[in-house]
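# Fold and contact review
Letter by letter, the chains look like this.
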Amino acid sequence: MRFVSSRGGGEPVSLSDALRRGIAPDGGLYLPEAIPAAPLDRLGPDLPLPEFAAALFAPFAAGDALAGELVSICAAALDSPVPTVAVGAARPGLHALELFHGPTGAFKDYGARFLMGCFDRLAEGERLTVLAATSGDTGGAVGCAAEGRRSVGAAILFPRGRVSAFQEQQLCCWGDNVLAIEVDGDFDDCQRLVKAAFADAPLSIGHRLTSANSINLGRLLPQVAYMARAAVELHAASGVRPGFIVPSGNLGHGYALLLARAMGLPVGPVVLATNANATLKEWADTGHYRPRPSVATLANAMDVGDPSNFERLRALPSADRAVRVERVDDDAIRARIVADERATGYVWCPHSATAAEAWARLPEAERAERPWIAAATAHPYKFAEVVEPLIERALAPSPPLAAILDRQARKVRIGASLDRLADVLEERALAA
Ligand SMILES: *Cc1c(COP(=O)(O)O)cnc(C)c1O
């Protein structure tokens, strides 16, 4: 299997090269040259997620150096439970796919750990440095996934004073090969520095810089795996293809579900739940895709005005692209968290609440027709300052989140200049 750019430029590359490069030379995103059929006879509902994922990924890795490593990479990266939980009798047929039992409490753990496992095999004895700018969940997941690896270091830039106390702790608490860099500036400054570092050949080559952002295929593949597994599990139990509702930001889960369905997995209707950011809703209503600056909402990991995976979605054959979009503003997020907690005791994070609200807005007949799966993308404790006042009680951290609070935090602080970033990378020799 080879991978091509969504913009059509450049030569097709192997899976290893697509992962190592992250983005295609023409600025496009890597796509499989053809959509493979899933090996359905090997994807039973009782298969644990790591084995399910390795079997599902096999066609993508056919002929690649990683083919023989998939079983061990998946065993290490996908070892946290991903339960499908019935939300309660007051919400019949609604299931939460809980993606927050990994070490940093959001689904980004799966993709970050899978990608780092691949980098470990691809580094060929020389260390890679993952350079990332973060405003929230991604940086913590990447730092955690890089910790203690022989062949990977990570440098994570975050804007001073713009992340919550828990988020800062989660960025700054990892081992010696992970450096948290607090930048005197905003998130855009952090992103500008990262781009400038990649464009600076001596820096980029000298430190073997690589990226771990959400456009990397290695981040996406685990999203396909747990969605596909949940579909197989509920289909086996009910005889009906389950519907999916996913809280959408950069459209990773949205694209992952469409790809899984196109591969032949039993995925029913797909609903993309967004926050107040209107780009996708407008596209669904009018057919026009008009990117715009993002607006800030309670579901901040979904504050995206130009979802990067839209390029992948658009490249699918039109018959495979059928989705619906439901837009959920902050007032509806708050109301949904309160209503479901009162009716069922189940507590959603603000992102997951957009999916729960989109389910509640489905016509009654559609809800009754099949089981529905709402992706619960983060643990509500991560957003305690939003959720606790609404439900009028304290939330307990999950054991992994409690363990993060106990760790020692370290960071270096720099002005927003490439020279300063180059200095700290040199001093810390993450790529030595
Ligand atoms: C990143 C993130 C999202 C958005 O997911 P996409 O796959 O980019 O659409 C949703 N919820 C949470 C909690 C996230 O961290």
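As a reminder, the structure under discussion sits directly above these lines.
Residues numbered from 1 in each chain as written. Predicted model: local features only at pLDDT ≥ 70, side-chain atom pairs only at ≥ 80, totals over all residues. Heavy atoms only, no water.

### What about the pairing of strand β4 (residues 94-98)?
- Across the five residues that make up β4, a large majority, five, are buried.
- Side chains Leu94, Ala96 and Glu98 project from β4 onto one buried face, and the interleaved His95 and Leu97 project onto a second face that is buried too.
- Across three bridges, the pairing between strand β3 (residues 84-86) and β4 is antiparallel. Within β4, the residue paired with threonine 84 across the bridge is leucine 97. (Buried < 20%, exposed > 50% of the residue type's maximum accessible area, 1.4 Å probe, protein only. Helix = DSSP H or I, 4+ residues; strand = E, 2+ residues; numbered from the N terminus. Pairing = 2+ DSSP bridges.)

### Examining the nonpolar core
- In this structure, Leu56 and Trp348 are the most contacted members of the largest nonpolar core, which totals 133 residues.
- Per element, the largest residue contribution to this core is twelve residues, and it comes from helix α9 (residues 217-238).
- Excluding anything up to four places from it in sequence, leucine 56 contacts Ala38, Leu43, Val224, Ala225, Ala228, Met263 and Leu265.
- Within the second largest apolar cluster, 18 residues are counted, among which are Leu157, Val183, Val194 and Leu209. (Core = buried A, V, L, I, M, F, W, Y, C linked by side-chain atoms within 4.5 Å. Contact = heavy atoms within 4.5 Å.)

### Looking at empty space enclosed by the protein
- One pass over the structure, following the stated rule, counts one cavity of 30 Å³ or more.
- A volume near 50 Å³ is recorded for the largest cavity.
- Looking at the largest cavity, the residues that line it are Ser248, Gly249, Thr274, Asn275, Asn277, Thr279, Leu280, Met302, Val304 and Pro307.
- In terms of residue class, the lining of the largest cavity is built from four nonpolar, six polar and no charged. (1 Å grid on protein atoms, 1.4 Å probe; cavity = no way out; pocket = protein on both sides within 12 Å on 5 of 7 lines; lining within 4 Å. Points joined across faces, edges and corners; volume = space filled by probe spheres on them. Nonpolar A, V, L, I, M, F, W, Y, C, P; charged D, E, K, R; others polar.)

### Focus on the packing of helix α3 (residues 70-77) against helix α4 (residues 108-122)
- Running from N to C, α3 and α4 cross one another at 140°; their axes reach a closest spacing of 9 Å. Classed by the angle they form, the pair α3 and α4 counts as oblique. Seen along the crossing, α3 lies across α4 with a hand that is right-handed. On α4, the residues that touch Leu70, Ser72, Ile73, Cys74, Ala76 and Ala77 of α3 are Tyr110, Arg113, Phe114, Gly117, Cys118 and Arg121.
- The residue makeup of the contact of α3 with α4, split by class, is eight nonpolar, two polar and two charged. (Axes fitted to C-alpha atoms, helices over the stretch in contact; angles between N-to-C directions. Parallel < 35°, antiparallel > 145°, perpendicular 65-115°, else oblique. Left-handed = near helix turned anticlockwise from the far one by under 90°.)

### Remarks on the layout of surface pockets
- A volume near 150 Å³ is recorded for the second largest pocket.
- Ser72, Ile73, Ala76, Ala77, Arg113, Gly117, Asp120, Arg121, Cys144, Ala145 and Arg149 are the residues that line the second largest pocket.
- Here the lining of the second largest pocket is composed, by residue class, of five nonpolar, two polar and four charged.

### Describing helix α16 (residues 384-391)
- Inspection of α16 places Ala384, Val386, Val387, Leu390 and Ile391 among the buried residues, and these make up the whole buried set. Taken down its axis, α16 places every buried residue within 160° of arc, on the same side. Of the residues in α16, the exposed ones pointing more than 90 degrees away from the buried face are Glu385 and Pro389.
- Following α16 by one or two positions, glutamate 392 has its phi on the positive side, about 55°. (Arc of directions from axis to C-beta.)

### A look at the pattern of salt bridges
- Scanning the entire structure with this criterion turns up 28 salt bridges.
- The salt bridge partner of aspartate 79 is arginine 113, with a shortest N-O separation of 3.1 Å. One end of the pair, aspartate 79, is in the loop between α3 and β3; the other, arginine 113, is in helix α4, with 34 residues separating them in the sequence.
- By relative accessible area, arginine 113 is classed as buried at 17%.
- With its nearest N and O atoms 3.9 Å apart, the salt bridge here joins arginine 370 to glutamate 369.
- Arginine 370 gets classed as buried once you look at its relative accessible area, which sits at 18%. (Salt bridge = Lys/Arg side-chain N within 4 Å of Asp/Glu carboxyl O.)

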